[in-house]
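Chain residues, written in single-letter form:
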Amino acid sequence: MKKRFLILFLTALFALVGAVLRGLNLINGYEPDTQLPVQGDPAETGLIALCVVAVVALLAFALSFRAQRGILFEEAFGGDSVGFKMISVISGILMIASGAFGLYLAVSQNVMTAIWSFVPLLILWLLAILTGCCMIGIASALSRDRIVEGTASLTIIPMFWACFDLIITFKDNGASPFLGLYAFELLAAIALTYAFYVLAGFLYSTASPSRFVLSAGMSVVLCGVCVGGAAIALLSGSSSVPFSTDTLLRYACFFASGLWLFALLALLSRESNRYTAGKTPEI
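Undergrad: So what exactly am I meant to see when it comes to the overall build of the chain here?
TA: When its secondary structure is counted, the chain shows ten helices and zero strands. Put simply, the chain runs from its N terminus to its C terminus through helices and strands in the order α-α-α-α-α-α-α-α-α-α. At 19 Å, the chain has a C-alpha radius of gyration in line with the 19 Å of a compact globule built from 283 residues. Projected onto its principal axes, the C-alpha coordinates of the chain cover approximately 60 × 45 × 30 Å. Looking at the chain residue by residue over its 283 residues, the buried ones come to 48%. In the chain, the share of contacts with a sequence separation of at least 24, taken over all contacts with a separation of at least 6, comes to 84%. Total accessible area computed for the chain in this model is approximately 12,900 Å², and 69% of it derives from carbon and sulfur atoms. Averaging the positions of the 15 positive and the 15 negative side-chain charges in the chain gives two centres separated by 13 Å.

Undergrad: What exactly am I supposed to notice about the packing of aromatic side chains here?
TA: Aromatic ring pairs are described here by two measures, namely the spacing of the ring centres and the angle between the planes. This model, assessed by the stated rule, comprises twelve aromatic pairs. Here the aromatic cluster, defined as three or more aromatic residues joined through ring pairs, consists of Phe73, Phe77, Phe202 and Phe212.

Undergrad: Help me understand the packing of helix H9 (residues 209-236) against helix H10 (residues 245-268), please; the structure alone is not making it clear to me.
TA: Packed helix pairs are characterised by how far apart their axes lie and by the angle those axes make with each other. In contact at an axis separation of 8 Å, H9 and H10 are set at 145° when each is read in the N-to-C sense. The handedness of the crossing between H9 and H10 comes out as left-handed. Contact residues: Pro209, Phe212, Val213, Ala216, Gly217, Ser219, Val220, Cys223, Cys226, Val227, Ala230 and Leu234 in H9; Leu248, Tyr251, Phe254, Phe255, Gly258, Leu261, Phe262, Leu264, Leu265 and Leu268 in H10. Split by residue class, the contact of H9 with H10 holds 19 nonpolar, three polar and no charged.

Undergrad: Sorry if this is basic, but what is going on with the packing of helix H4 (residues 82-108) against helix H5 (residues 119-144) here?
TA: Between H4 and H5, whose axes approach to 8 Å, the crossing angle comes to 165°. With respect to H5, the element H4 is oriented roughly antiparallel. Judged by the sense of rotation from one axis to the other, the crossing of H4 with H5 is left-handed. Taken together, the residues that form the contact of H4 with H5 break down as 20 nonpolar, nine polar and one charged.

Undergrad: Could you clarify how one ought to interpret the nonpolar core in this entry?
TA: Considering soluble globular proteins, one finds that nonpolar side chains tend to be buried as a cluster. By size, the foremost hydrophobic cluster in this structure holds 77 residues, and its most contacted members are Phe77, Trp161, Phe212 and Leu261. The element that contributes the greatest number of residues to this core is H9, accounting for 13 residues. Discounting residues that sit within four places of it in the chain, Trp161 has contacts with Met95, Leu124, Leu127, Ala128, Thr131, Leu192, Phe196, Cys253, Phe254 and Ser257.

Undergrad: Looking at this model, I keep getting lost on helix H8 (residues 179-204). Mind explaining?
TA: Along an α-helix, a turn takes 3.6 residues, which lines up residues three or four apart on a common side. Over its 26 residues, H8 extends 36 Å from the first C-alpha to the last, a length consistent with the 38 Å expected when each residue adds 1.5 Å. In terms of residue burial, H8 counts as a mostly covered element, since 19 of its 26 residues are buried.

Undergrad: What should I look at first to understand the layout of surface pockets in this one?
TA: Gaps between atoms show up when a probe of the same size as a water molecule is rolled over them. The space that makes up the largest pocket amounts to roughly 530 Å³. Around the largest pocket, the lining is made up of 28 residues, and of these Asp172, Asn173, Ser244, Thr247 and Arg250 lie nearest the centre. Breaking the lining of the largest pocket down by element, the ones donating at least two residues are helix H1 (3-28), H4, H5, helix H7 (157-173), H8 and H10. Top contributing element to the lining of the largest pocket by residue count: H7, with five residues. Broken down by class, the residue content of the lining of the largest pocket amounts to 13 nonpolar, nine polar and six charged.

Undergrad: What am I meant to see in a nonpolar patch on the surface here?
TA: The grouping of Leu16, Val20, Leu24 and Ile232 at the surface amounts to a nonpolar patch, some 320 Å² of accessible area in total. In terms of residue count, the dominant contributor to the nonpolar patch is H1 (three residues). By the secondary structure assignment, Leu16 is in helix H1.

Undergrad: Help me out: how do you make sense of the pattern of salt bridges in this one?
TA: It is possible for side chains of opposite charge to pair when their charged atoms get near one another. Within this structure, the stated rule accounts for three salt bridges. Here Arg250 makes a salt bridge to Asp165, at a shortest N to O gap of 2.7 Å. Of this pair, Arg250 sits in helix H10 while Asp165 sits in helix H7, and the two are 85 residues apart along the sequence. Looking at Arg250, the relative accessible area reads 7%, which means it is buried. Its salt-bridge partner being Lys171, residue Asp172 comes within 3.9 Å of it at the nearest N-O pair. With respect to burial, Asp172 and Lys171 carry one shared label: exposed. Connected through shared salt-bridge partners, Asp165, Glu185 and Arg250 make up one network.

Calculation criteria
Residues numbered from 1 in each chain as written. Predicted model: local features only at pLDDT ≥ 70, side-chain atom pairs only at ≥ 80, totals over all residues. Heavy atoms only, no water. Helix = DSSP H or I, 4+ residues; strand = E, 2+ residues; numbered from the N terminus. Rg over C-alpha atoms; globule rule 2.2 N^0.38 Å. Buried < 20%, exposed > 50% of the residue type's maximum accessible area, 1.4 Å probe, protein only. Contact = heavy atoms within 4.5 Å. Areas by Shrake-Rupley, 256 points an atom, 1.4 Å probe, with all protein chains shown as cover. Lys, Arg positive; Asp, Glu negative; His and termini not counted. Charge placed at Lys NZ, Arg CZ, Asp CG, Glu CD. Phe/Tyr/Trp six-rings, centres within 6.5 Å; stacked < 30°, edge-to-face > 60°. Axes fitted to C-alpha atoms, helices over the stretch in contact; angles between N-to-C directions. Left-handed = near helix turned anticlockwise from the far one by under 90°. Nonpolar A, V, L, I, M, F, W, Y, C, P; charged D, E, K, R; others polar. Parallel < 35°, antiparallel > 145°, perpendicular 65-115°, else oblique. Core = buried A, V, L, I, M, F, W, Y, C linked by side-chain atoms within 4.5 Å. Expected span 1.5 Å × (residues − 1). 1 Å grid on protein atoms, 1.4 Å probe; cavity = no way out; pocket = protein on both sides within 12 Å on 5 of 7 lines; lining within 4 Å. Points joined across faces, edges and corners; volume = space filled by probe spheres on them. Patch = residues over 30% accessible without salt bridge, like charges linked within 9 Å, V, L, I, M, F, W, Y side chains within 5 Å. Salt bridge = Lys/Arg side-chain N within 4 Å of Asp/Glu carboxyl O.

Written out as structure tokens, the structure reads:
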């Protein structure tokens, strides 16, 4: 099996297994009435071990991309890929729809509340909408092979959305002693923030494909853990851990972002992108 396919296969496999483990953890790892964690839940232990293995495996693959340091953005991700454009449109529309619905709920549910009390939610959903537009815009620019200053600016907004989601998650759960309930959301938001930061670095700094492989790969895995685990728990009918509408909308954004980054990872892993910039390898 070629290395490019192995990277994608293992990333998808880690995400799938992680989703199953997270689902089992949400179903059996918390008491329904109190949401107290069950001591020594095997699914949670397995999930932590899986994340460590995923980091090590993706780091090993990332090191093989050191020779591509300094590659141009359009050389790394460019080309008239119908699949990538389709995924970008799907991901973008999902982000836009989730952000719009979240914005509607934030306004309608807080109509009698002082606006400053829910301003963070307004910013979060506006950034989600803009991120969806950026995904579509970047795909369009890559298909035309026209990377201009406006295209570069499109890579910044997704980073701010992910960072703001991280802030909201910590703000809403920081006082909770049950770290296991929201820790993987925090990790997913951190990975997404770093992945989008590295992506912007392709245009604003020296490109580092190694860092992108590691950060994007872990973003896909952790987004799969959060989204897939929640889906399994909901489909099972378990009431151990309830999910608010805001949380489900954020998970929809996680899914869209993870899917889009996975598509970028596939483009970067193409054999045609084996390019040496002639600079010192660095991760």
